[in-house]
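# A closer look at the structure
So you can see what is in the structure, the chains are spelled out below.
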Amino acid sequence: MKEYNVAVVGATGEVGKTMREILEERNFPVKNIKLLASERSAGTSVQFKNQRVKVEKLTKDSFKNVDIALFSAGGSVSKEFGPIAGAAGAIVVDNSSTFRMEEDIPLVVPEVNPHDIKMYKNRNIIANPNCSTIQMVVALKPLHDKGKIKRVVVSTYQAVSGTGHKAIEELANQNLAIFNQKELVKKVYPHQIAFNCLPHIDVFMDNGYTKEEMKMVNETKKIMGDPSIEVTATTVRVPVFYGHSEAVNIETESKITADEAKELLKKAEGVVLVDDVKNNLYPLAIDAAGKDPVFVGRVREDFSVRNGLNIWVVADNVRKGAALNAVQIAEILIREYI
């Protein structure tokens, strides 16, 4: 089997760490791995397969002889170094929002629009979608193929790991502070996150929506390849460590019964149907954490509209919502394109 030189940018962050683990778990054919990070992390070493690999400082010269570069180091890093990596011959799979809505760059969820990967040739860059968008469109795809979705109303319940490691620490520390009657410290979020829900993810925009909500609106249309789908979102940060949950209301052009929807979802790539309410079985964030699939349950008809469905969608936001999706894109790249 041909092997490839792979770089992970942001290798010591929450998603970068998971990218390393998934490359190893899925036996990605890595010839050499280059772990890149900021000056703060450079010089440390981490385990990959059976060896210790030194973390290097990210520079403009980091991408010589790199075939695939998985980026998860934030928008400013992607904006500066993504084009540099592409120009050096590496194919970039970028986890930031920097390139997602650029027309000549593909925005890909492998279970939904793998055919768009071929557009990487435009700029040697492929965009990885937003975590909350990824899990939703995986569940929407089989329903759209069957009944053509007209409108989606989604409310999300998003884990703190979506913000990063410091947010995980903040939730843990606030929980301890409350239990021990100590002073509660807020640094990552503007309000207490422990035992609370914040209807505020990313910055607020002029239209009253947050940037996270508008990502779901715009990215869904692009990934599904159908700008006619109307989407509205309310995104909420909840005191959960791993696993985003979503209540998704769907209106289709043609009728899909709840039983038909369950059969479609049961057969859908990347989906696990968990829907046995008589035995209290439905997707839970704690069950999805550390797992690869998108879990769907609570499938039922919405009787307030002619052709309506409600579903509950849960996935590990760091895995399928970021690292796994990027590695799946890389797997298609080496299988079909390079």
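Provided above is the structure to which this section pertains.
Presented here is an overview of the structure given in this document.

## Details of the packing of aromatic side chains
- In this structure the tally under the stated criterion is 4 aromatic pairs.
- Arranged with centres 5.6 Å apart and planes meeting at 50°, the rings of Tyr 157 and Trp 312 form a pair that is tilted. Residue Tyr 157 is located in strand E8 (residues 149-158), and its partner Trp 312 is located in strand E13 (residues 308-315); the two are separated by 155 residues in the primary sequence.
- We classify Trp 312 as partly exposed; its relative accessible area is 22%.

## Some remarks on the sheet that holds strand E7 (residues 125-127)
- Read from one edge to the other, the open sheet built from 7 strands follows the order E3-E4-E2-E1-E5-E6-E7, with strand pairing classed as mixed. The sheet terminates laterally at strand E3 (45-48) and E7, the two strands that pair on one side only. For this sheet the average axis-to-axis angle between neighbouring strands, irrespective of direction, equals 25°.
- Pairing geometry for strand E6 (residues 91-94) and E7, over 3 bridges, is parallel. Paired with Val 92 across the bridge in E7 is Ile 125.
- This element, helix H2 (residues 75-87), spans strand E1 (4-9), strand E5 (68-71), E6 and E7 of the sheet and lies at about 175° to E5.

## Quick look at unusual backbone geometry
- The backbone of Asn 124 shows a phi angle near 60°, a positive value even though the residue is not glycine.
- Note that Asn 124 resides in the loop between E6 and E7.
- The buried category is assigned to Asn 124, whose relative accessible area is 18%.
- Residues other than glycine seldom take positive phi values, yet Lys 148 does so here, at roughly 55°.
- Along the polypeptide, Lys 148 turns up in the loop between helix H3 (131-147) and E8.

## Examining the pattern of salt bridges
- With the rule as written, the count across this model stands at 18 salt bridges.
- Note that Lys 141 and Asp 145 form a salt bridge whose closest N and O atoms lie 3.4 Å from each other. Taken as a pair, Lys 141 and Asp 145 lie in helix H3 at a separation of 4 residues, close to a single helical turn.
- Owing to a relative accessible area of 24%, Lys 141 belongs among the partly exposed residues under this scheme.
- Taking the relative accessible area as the measure of exposure, Asp 145 reaches 53% and is therefore exposed.
- The salt bridge partner of Glu 301 is Lys 255, with a shortest N-O separation of 3.0 Å. Remark: Lys 255 occurs in the loop between strand E10 (244-252) and helix H6 (258-267) and Glu 301 occurs in strand E12 (residues 294-302); sequence separation between them is 46 residues.
- For Lys 255, a relative accessible area of 39% translates into the label partly exposed.

What counts and what doesn't
- Residues numbered from 1 in each chain as written.
- Predicted model: local features only at pLDDT ≥ 70, side-chain atom pairs only at ≥ 80, totals over all residues.
- Heavy atoms only, no water.
- Phe/Tyr/Trp six-rings, centres within 6.5 Å; stacked < 30°, edge-to-face > 60°.
- Helix = DSSP H or I, 4+ residues; strand = E, 2+ residues; numbered from the N terminus.
- Buried < 20%, exposed > 50% of the residue type's maximum accessible area, 1.4 Å probe, protein only.
- Pairing = 2+ DSSP bridges.
- Axes fitted to C-alpha atoms, helices over the stretch in contact; angles between N-to-C directions.
- Contact = heavy atoms within 4.5 Å.
- Salt bridge = Lys/Arg side-chain N within 4 Å of Asp/Glu carboxyl O.

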